[in-house]
Amino acid sequence: MIKKTDINFNWKYTPNFKNEYILKDFDDSSFQNVQIPHTNIEVPYNNFDESIYQFESCYRKNLWIDAITDQQRVYIKFNGVMAYAKVYLNGNYIGEHKGGYTPFRLDLTEFAIINEYNTLAVYVDSNEREEIPPFGFVIDYLTYGGIYREVSLEYVNQTHIENVAITTKDVLTESPALNIDLYFTNHKQTAQSLICEFSLLKEKKIVQEFKEEVELTSNFKQKHTINEVVSSVALWSLDDPNLYTLKVNLILNNKIIDSHNLRFGFRDINFTSKGFYLNGEKLKLRGLNRHQSFPYVGYAMPKSAQYKDADILKYDLGLNIVRLSHYPQSDHFLDRCDEIGLLVFDEIPGWQHIGNQKWQDTSIENVSEMILKDINHPSVIIWGVRINESQDNQKFYTQTNAIARKLDDSRPTGGVRDMAAKEIIEDVYTYNDFVHTGDNQGLDKKKKITKSKKPYLITEYNGHMFPTKKFDNESRRISHALRHLNVLAAMENDDDISGAIGWCMFDYNTHKDFGSGDRICYHGVMDMFRIPKYAAYAYQSQQMETPVMHVASSLNIGEYDASLMEDIHVFTNCDYIKLYKNNQYINTFYPDQRKYKSLLHPPIIIDDLIGDEIENNEIFTPKDAETIKQLLIKVNKSGLNLNLIDTIKMGKIFLKYKLNMNDAEALYTKYFGGWGEKATSYFFEGYINDESVAKVVKSQVSKPNLKMTIDKDFLIEDKTYDVTRIVVELLDEFNNNIVYANDVLKVECDGPLEIIGPKAISLIGGSIGFWVKTIGESGVASVKITSDRFGIIKKDIQVQKF
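Calculation notes
Residues numbered from 1 in each chain as written. Predicted model: local features only at pLDDT ≥ 70, side-chain atom pairs only at ≥ 80, totals over all residues. Heavy atoms only, no water. Helix = DSSP H or I, 4+ residues; strand = E, 2+ residues; numbered from the N terminus. Salt bridge = Lys/Arg side-chain N within 4 Å of Asp/Glu carboxyl O. Buried < 20%, exposed > 50% of the residue type's maximum accessible area, 1.4 Å probe, protein only. Phe/Tyr/Trp six-rings, centres within 6.5 Å; stacked < 30°, edge-to-face > 60°. Lys NZ or Arg CZ within 6 Å of the ring centre and 35° of its normal. Expected span 1.5 Å × (residues − 1). Polar contact = N/O pair within 3.5 Å; in protein donor to acceptor, adjacent residues only side chain to side chain.

S.K.: How do you make sense of unusual backbone geometry when you look at a structure like this?
M.R.: In most cases, non-glycine residues show a negative phi, while peptide bonds are predominantly trans. With an omega of 5 degrees, the peptide bond between I36 and P37 qualifies as cis. Geometrically, the link from S325 to H326 is a cis peptide bond, its omega value of -10 degrees lying close to zero. Inspection of the secondary structure assignment puts H326 in the loop between β24 (321–324) and α2 (331–340). With a phi close to 55 degrees, N279 is a non-glycine residue in the positive phi region. Note on placement: N279 falls in the loop between β21 (275–278) and β22 (281–282).

Laid out in structure tokens, this is it:
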């Protein structure tokens, strides 16, 4: 294009629609002033009717259009409008688009008044229209509404390149190659001879240049393919995500009439029946599904929030793949996946339902729109071209697969199923496996699900099988984490499975038919604010970039049924842990290789909080002290329901030392109950390569304190507004989360920021998050949290407006 102008600021909005709203001279002074991305209505955190956002609305903008020659045109591009849009310029109909998850581009030239302000009006219908995927039946997520992704003007020549699709070939050989598909728009509709000049850049330095003559026909739309061997390349990988830029100049009569800069990467992907290979090296895919939603504003979040989600998946959770469930997502999110080395499963919009022919036609168009939008991202390794968990439809899915293969023969297709199938059209058998119930196998064997020899990838597990809230009891939260580890262990132990992508990254709002009745599905390993549950640490522990040692226990016996303490699970990548009780060494504990031998880092299970204390403090022989300890540990887990052998052992101890039940109860109380004793303190120290890398102290809470953490304290408002997340937690004096807390907080902002969502919030499971956004000004802003109990916390954020 000749140039691009972002137009995300200073829109007018009203949550209704009348035909006069499209007129050029309509007085919109009563409309709200809004910025893009924008949600048509902010929704509550929970307990609301999903019809709240399903209505018609109108956006208007006083739009300046620069001068153009008779050889140029001006387009408008919308990256995402939910769910149906009609666009008008100066009262004239320009075009429409069905579907909220893919971009669309419309030509404004015919009705544009150049070098003047024009009136742009957009009719938005956010109702669940039956002819548009994913609608037509129930959906286990909300779709929200509004112009929720960025908007721009594109100034182009009459003849220009609309899309450039780059794929790479033979990158593991001595002759790596580029395959470049150029999609031309020829408004002149005359034959033309053009030259395309290409510059391949790495870190802004040209590494190769080449050119190609292109003969255009008189067709309005046409594609030309160019192949070029590259001398040498640095591969894109998870640990070293090398990125290149391809600069494309379109030349007519020695003049550049169009120019594009495309970022991409060289990498080789290969799904086989025995696993997935990246650049020739086998890699087990370990990931989670992600919805693109956020509390209150739904889908309407800018670049920085999208980047942060990718960072959480890669760095906080230690994953190597994310599935975009169940629709294409923000370019910003994919950009960040490219930058940090996070693989992506990209799929078309839908959930179980296949509609009529019009619906299917739109879905087929979604395939093309998705691939042309995302093809240059090296992070994308597979196209999902089947409606999630839908029934078979051979004609429909033959078409979706054919289109994907025609547009991109470098990536396989997948089609997510939740049932066994005899016939598979896709290249990879992608399957949602919910067989695990906590005490059985983690995953079904591939041969039980399909006889196909095609590659096999698990695309969902757990999730609805065991919904878990951040504030559930400790036992449930631990079980939730262990279920995820059990599936990971099963996946790692099975060469027929390329990998497993769990359900899901975080909790999300949903329709009335799903979730816990409050319009939330508590299926995430994090809550809606991206605050971790225990299961998040189970994933985090499977990497080695940073030390992890999360003690998944408060060590409070009253938390457990009948005050019978359960084993303590530590999700860690440490080699071993030393435990001290009241500064006395208890024991050294190692990863549970017996149960989780296939995991890179099994959890460490601590089942002994006594150590040698009985031997050191009581009158028993060392052998008898060990017997008594083991008996007390069993009583602590299951009460007095001892088996015959243990009952006999106890009887012998009673006879030998002339003990009775009162003496036994006194021993139990002393070493487990701790009633009436001073507060017990436990110190955990984790070691990697015999070096201390992590320390955790657990004790009774006596000095709770409120902590505020800001993701970033410098915000930049450029192409649109910027945001940052703020997390407030109640911690004990040893920095452990106090889960059972729901204190009410007042949130305030001073300066060039505003709060997204309510100004009065309460802790949920001991913590809460919220976002703040810039408002078009530079300066220092302060965020203040006020608690009746804990007083005031205040932090500053620097804001720069460009």
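S.K.: I tried to follow the pattern of salt bridges on my own but got confused; where do I start?
M.R.: Any two side chains of opposite charge can pair, given that their charged atoms come close. Evaluation of the coordinates by the stated rule reveals 46 salt bridges. Residues D495 and K282 are paired through a salt bridge, measuring 3.6 Å at the closest nitrogen-oxygen approach. With D495 in the loop between α6 (474–492) and β30 (499–502) and K282 in strand β22, this residue pair connects regions lying 213 residues apart in the sequence. The salt bridge involving K448 is made with D444; its shortest N-O contact spans 3.5 Å. Look at D444 and you get buried, because its relative accessible area is 8%.

S.K.: Can you help me understand the packing of aromatic side chains in this one?
M.R.: Any aromatic ring pair is given by two values, namely how distant the centres are and how the planes are angled relative to each other. Tallied over the full model, the rule gives 39 aromatic pairs. On the numbers, 5.2 Å between centres and 70 degrees between planes, the contact of Y144 with Y299 is edge-to-face. In this pair, Y144 is assigned in the loop between β10 (116–125) and β11 (146–147) and Y299 in the loop between β23 (285–290) and α1 (303–316), connecting sequence segments 155 residues apart. Look at W351 and F514: their rings are 5.3 Å apart centre to centre, the planes differ by 85 degrees, and that puts the pair in the edge-to-face class. Note that W351 is positioned in the loop between β25 (343–347) and α3 (357–374) and F514 in the loop between β31 (508–509) and β32 (520–521), a separation of 163 residues in sequence. Of the residues examined, W351 reaches a relative accessible area of 8% and is grouped as buried. One aromatic cluster is present, formed by Y53, Y101, Y141, Y144, Y148, Y299 and Y327 through successive ring pairs. Positioned above the aromatic ring of F333, the side-chain terminus of R290 is 4.2 Å from the ring centre. When the ring centre of F506 is taken as reference, the NZ or CZ atom of R530 above it lies at 3.6 Å.

S.K.: Even after reading the chapter, I still don't get α3, so can you show me in this structure?
M.R.: Every α-helix carries 3.6 residues per turn, so stepping three or four residues along brings you back to the same face. In a regular helix each residue adds 1.5 Å, so 18 residues correspond to 26 Å; α3 covers 26 Å between its end C-alpha atoms and thus fits that length. Extensive coverage of α3 is indicated by the burial of 13 of its 18 residues. For α3, the capping residue at the N-terminal end is N356, with a side-chain oxygen 3.2 Å from the backbone nitrogen of K358.

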